[in-house]
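Chains, contacts and geometry: an overview
Given next are the chains, with one letter for each unit.
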Amino acid sequence: MEGTRLNKIERLLQKELSELFRRQTVMMRGILVTVSRVRVSPDLSVAKIYLSIFPSEKGGELIESIEKNKKTLRYDLGQIVRMQLRRIPELVFYLDDSLDYVENIDKLLKK
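Everything in this summary refers to the structure shown in the same document. (Residues numbered from 1 in each chain as written. Predicted model: local features only at pLDDT ≥ 70, side-chain atom pairs only at ≥ 80, totals over all residues. Heavy atoms only, no water.)

Either a parallel or an antiparallel arrangement is found when strands of a sheet pair, and the pairing is made through backbone hydrogen bonds. Taking strand neighbours across the sheet as the criterion, the three strands line up as β1-β2-β3 in an open arrangement whose pairing is mixed. Two strands lie at the open edges of the sheet, namely β1 (32-40) and β3 (90-95), each paired on one side alone. Across the sheet, the mean angle from the axis of one strand to that of its neighbour is 30 degrees, orientation sign disregarded. Here strand β2 (residues 46-54) runs beside β3; their pairing, made up of six bridges, is parallel. Directly across from Leu51, in β3, lies its bridge partner Leu95. (Pairing = 2+ DSSP bridges. Helix = DSSP H or I, 4+ residues; strand = E, 2+ residues; numbered from the N terminus. Axes fitted to C-alpha atoms, helices over the stretch in contact; angles between N-to-C directions.)

Okay, structure coming up:
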């Protein structure tokens, strides 16, 4: 039962954060931010958010910018999901480089 509840919360956070990032990156042409995965701790205190950023060269600086604006993002997220969640988890952002890894494997296999 607990696993199902956590999965629903993870999907909700992923959907709403994706929408927040989509709205914010409209102004930045040529940059795409995708929330690839969200993992929430069982006590709902911490949410690990994995972001896939295209182009990958801008990933580091964009993660730094997101870290600086973490409080604003958490507040905006809280305003959106306040009816579904009583407590908004602390947000921790990670760069998801799995697509770069897959691309590198493909290049190596083609050689």
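Here we come to the nonpolar core. Counting 27 residues, the largest nonpolar core has Leu13, Phe21, Val40, Ile49, Leu51, Leu77 and Phe93 as the members making the most contacts within it. Secondary-structure elements contributing two or more residues to this core are α1 (2-25), β1, β2, α2 (59-68), α3 (70-81) and β3. Examining the composition of this core, we find that seven residues originate from one element, α1, more than from any other. If sequence neighbours within four positions are ignored, Val40 has contacts with Leu6, Ile9, Glu10, Leu13, Val46 and Ala47. (Core = buried A, V, L, I, M, F, W, Y, C linked by side-chain atoms within 4.5 Å. Buried < 20%, exposed > 50% of the residue type's maximum accessible area, 1.4 Å probe, protein only. Contact = heavy atoms within 4.5 Å.)

Here we come to the layout of surface pockets. Taken as a whole, the largest pocket spans an internal volume of roughly 280 Å³. Around the largest pocket sit 15 residues that line it, and Ile53, Phe54, Ser56, Leu99 and Asp100 are the ones nearest its centre. Elements with a contribution of two residues or more to the lining of the largest pocket: β1, β2 and α4 (98-110). Taken together, the residues of the lining of the largest pocket sort by class into six nonpolar, four polar and five charged. Computed from the structure, the second largest pocket encloses a volume of approximately 160 Å³. (1 Å grid on protein atoms, 1.4 Å probe; cavity = no way out; pocket = protein on both sides within 12 Å on 5 of 7 lines; lining within 4 Å. Points joined across faces, edges and corners; volume = space filled by probe spheres on them. Nonpolar A, V, L, I, M, F, W, Y, C, P; charged D, E, K, R; others polar.)

Let us now look at the packing of aromatic side chains. All chains considered together, the criterion is met by two aromatic pairs. Taking 6.2 Å as the distance between ring centres and 75 degrees as the angle between the ring planes, the aromatic pair formed by Phe21 and Phe93 counts as edge-to-face. A residue pair is termed long-range when its members are at least 10 positions apart, and Phe21 in helix α1 and Phe93 in strand β3 qualify at 72 residues. Relative accessible area serves as the criterion here: at 2%, Phe21 is assigned to the buried category. Looking at Arg37, its charged tip hangs above the ring of Tyr50, at a distance of 4.9 Å from the centre. (Phe/Tyr/Trp six-rings, centres within 6.5 Å; stacked < 30°, edge-to-face > 60°. Lys NZ or Arg CZ within 6 Å of the ring centre and 35° of its normal.)

So, about the packing of α1 against α3. At a minimum axis distance of 10 Å, the contact between α1 and α3 shows a crossing angle of 120 degrees. The angle between the axes of α1 and α3 places the two elements in the oblique class. Between α1 and α3 the crossing geometry is right-handed. Of the residues in α3, those touching α1 at Leu12, Leu13, Glu16, Leu17, Leu20, Phe21, Arg23 and Gln24 are Leu73, Asp76, Leu77, Ile80 and Val81. Across the contact of α1 with α3, the residue classes tally to nine nonpolar, one polar and three charged. (Parallel < 35°, antiparallel > 145°, perpendicular 65-115°, else oblique. Left-handed = near helix turned anticlockwise from the far one by under 90°.)

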